[in-house]
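Summary of the model geometry
Here are the chains, one letter per residue:
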Amino acid sequence: MKKIEVNEVFKEDWNRVLNHIANLFYEDSKIVVTAEDAELSFHFQHSIDEDHTIHTACELTVDGLAYTSKYSIQYDTQGTEKEQGIRMKRALSHVMLDVLEQYTGMTQQWGILTGVRPTKLYHKYRQQGMSDEEIYAILKKDFRISDAKIALMSEIVKRQLVTIPDLDELGKELSVYIGVPFCPTKCAYCTFPAYAIQSNRKAGRVESFIDGLHIEIRAMGKWLKDNNMNITSVYWGGGTPTSIEADEMDALYKTMFESFPNPEKIREITVEAGRPDTITTEKIEVLKKWGIDRISVNPQSYTDETLKAIGRHHTVQETIDKFWLSRESGMNNINMDLIIGLPNEGIEEFQHSLDESAKMQPESLTVHTLSFKRASEMTHNKDKYKVADRETVTKMMDMASNWTVENGYVPYYLYRQKNILGNLENVGYCKPGEESIYNIVIMEEVQTILGIGCGASTKFVNPETGKITQFHNPKDPAAYIMTFEEAIEKKIDMLNELYTTQIKQ
């Protein structure tokens, strides 16, 4: 724990932002006001002029040395009280980041950005009519983002607009996420609703969950039909939705196609078959029957020892075999995931994973950077898992970026997470034309995502204001079975409130 002293009592949300900035440099930090044992001491100054100019300054004192920074920015309007708070937090972050970079010698490629969706910021300025040059200047000066990351953001935004030309109008439709909360085993880094299927099968929870899911799909489909709401994309996730049996999958897809409005207009349906040990010939035949050919077959790593360490009870060879089984059975759009920074993996192991990926040439490759998620087993037992340092994971990300260029892939979406190794990012790459619509719309938050099933989060996006509200289905199968009917009623009430006659027109 790095104890950090500040010279005044800030609002809680200001403290939280400053903590995020400090954690970019230190694994864990705590902001306190006056402390004799503080390792770093920050003295902030901040003010707002009558012409709406914000001024901030910061002096960092450590080991008898001082590092200083000043920053000013003028706004055209006074802004609301909330906007003023956001502006001031950003300005304070700016000077804090500057002095920490001076002291540590580290450069944060993402600048003061600690949020999940950097490209959403780029879209915001684009929609305001700004040119790429104007957006670059803002991201560089006011957010301190590096040229390389701004270029990545720009490339992804352009790719998204090619993939979905009507991206700015998609609020008139919605997408659907359907959560199946079962996996063969739970991975050490995972915080998704993923429960061991065999023990839940014995307890009768799998069948009961599926019964409830049929009811929820029908109920939400009825609302969509009654309100003439088109669906952009459907994503079956979890867990691993191919953990259930082929006949159970078949019945659920039948219910989906019968219940959802205008199924012929759905642009994309994806089934997350991420665990290779769940893929069978029978399940692939079910997918083909319903015209679904976009799936994931996720290796995460091509080192057997790593798979054992993170709790994935399949082998590298099984990943390879199931990829080719899927391909030869007619799956024409396969995604594979790799994770940078898994326990005991370095440059050599990651290069091996890239080499193996090159042999298969999946339509898309998503490169994740390991994140220590608060509720994961890996986070609770950090001493047990040795992971790569910042310099090594940065090299790995560069390797991935170079590999994708060499193999004809383009980046089309990215997102970031708290406690992500090296303060890096997760990037989705694909062969041109194979982009996932769902991945784009959920990351850019351009439309409502209706969550159905266990652990599914519904994100209501107001198409006029962009305001977002959320509703979460229970994560635990037993709780879902008991309460899914209440969840249906609540979501229908929220949908009715959001999609008024005025908005639909």
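Residues numbered from 1 in each chain as written. Predicted model: local features only at pLDDT ≥ 70, side-chain atom pairs only at ≥ 80, totals over all residues. Heavy atoms only, no water.

The name given to the chain in an unreviewed UniProt entry is Coproporphyrinogen III oxidase, and the organism recorded there is Ureibacillus aquaedulcis.

1. Some points on a negative patch on the surface
Together, Glu485, Glu486, Glu489, Asp493 and Glu497 make up a negatively charged patch on the protein surface. Following the sequence through the fold, Glu489 ends up in helix α16 (residues 477-498). Overall, the relative accessible area of 54% leaves Glu489 in the exposed class. (Patch = residues over 30% accessible without salt bridge, like charges linked within 9 Å, V, L, I, M, F, W, Y side chains within 5 Å. Areas by Shrake-Rupley, 256 points an atom, 1.4 Å probe, with all protein chains shown as cover. Salt bridge = Lys/Arg side-chain N within 4 Å of Asp/Glu carboxyl O. Lys, Arg positive; Asp, Glu negative; His and termini not counted. Charge placed at Lys NZ, Arg CZ, Asp CG, Glu CD. Helix = DSSP H or I, 4+ residues; strand = E, 2+ residues; numbered from the N terminus. Buried < 20%, exposed > 50% of the residue type's maximum accessible area, 1.4 Å probe, protein only.)

2. A few points about the packing of aromatic side chains
Counted under the stated rule, the structure contains 16 aromatic pairs. Taking 5.9 Å as the distance between ring centres and 35 degrees as the angle between the ring planes, the aromatic pair formed by Phe10 and Trp14 counts as tilted. Relative to Tyr499, the ring of Trp223 lies with its centre 6.2 Å away and its plane at 55 degrees, an arrangement referred to as tilted. Placement of Trp223 in helix α7 (residues 205-226) and of Tyr499 in the loop between α16 and α17 (501-504) is noted, with a sequence separation of 276 residues between them. (Phe/Tyr/Trp six-rings, centres within 6.5 Å; stacked < 30°, edge-to-face > 60°.)

3. Notes on the packing of helix α4 (residues 132-141) against helix α5 (residues 147-163)
Close contact between α4 and α5 brings their axes to 10 Å; oriented N to C, the two are set at 140 degrees. Relative to α5, α4 is oriented oblique. Here the hand of the crossing between α4 and α5 comes out right-handed. Here α4 contributes Asp132, Tyr136, Leu139 and Lys140 to the contact with α5, which in turn contributes Asp147, Ile150, Met153 and Lys158. In terms of residue class, the contact of α4 with α5 is built from four nonpolar, no polar and four charged. (Axes fitted to C-alpha atoms, helices over the stretch in contact; angles between N-to-C directions. Parallel < 35°, antiparallel > 145°, perpendicular 65-115°, else oblique. Left-handed = near helix turned anticlockwise from the far one by under 90°. Contact = heavy atoms within 4.5 Å. Nonpolar A, V, L, I, M, F, W, Y, C, P; charged D, E, K, R; others polar.)

4. A word on the state of the cysteines
Enumeration according to the criterion identifies zero disulfides in this entry. Considering cysteine sulfurs only, Cys183 is the nearest to Cys454, which forms no disulfide, with 12 Å between them. (Disulfide = S-S within 2.5 Å.)

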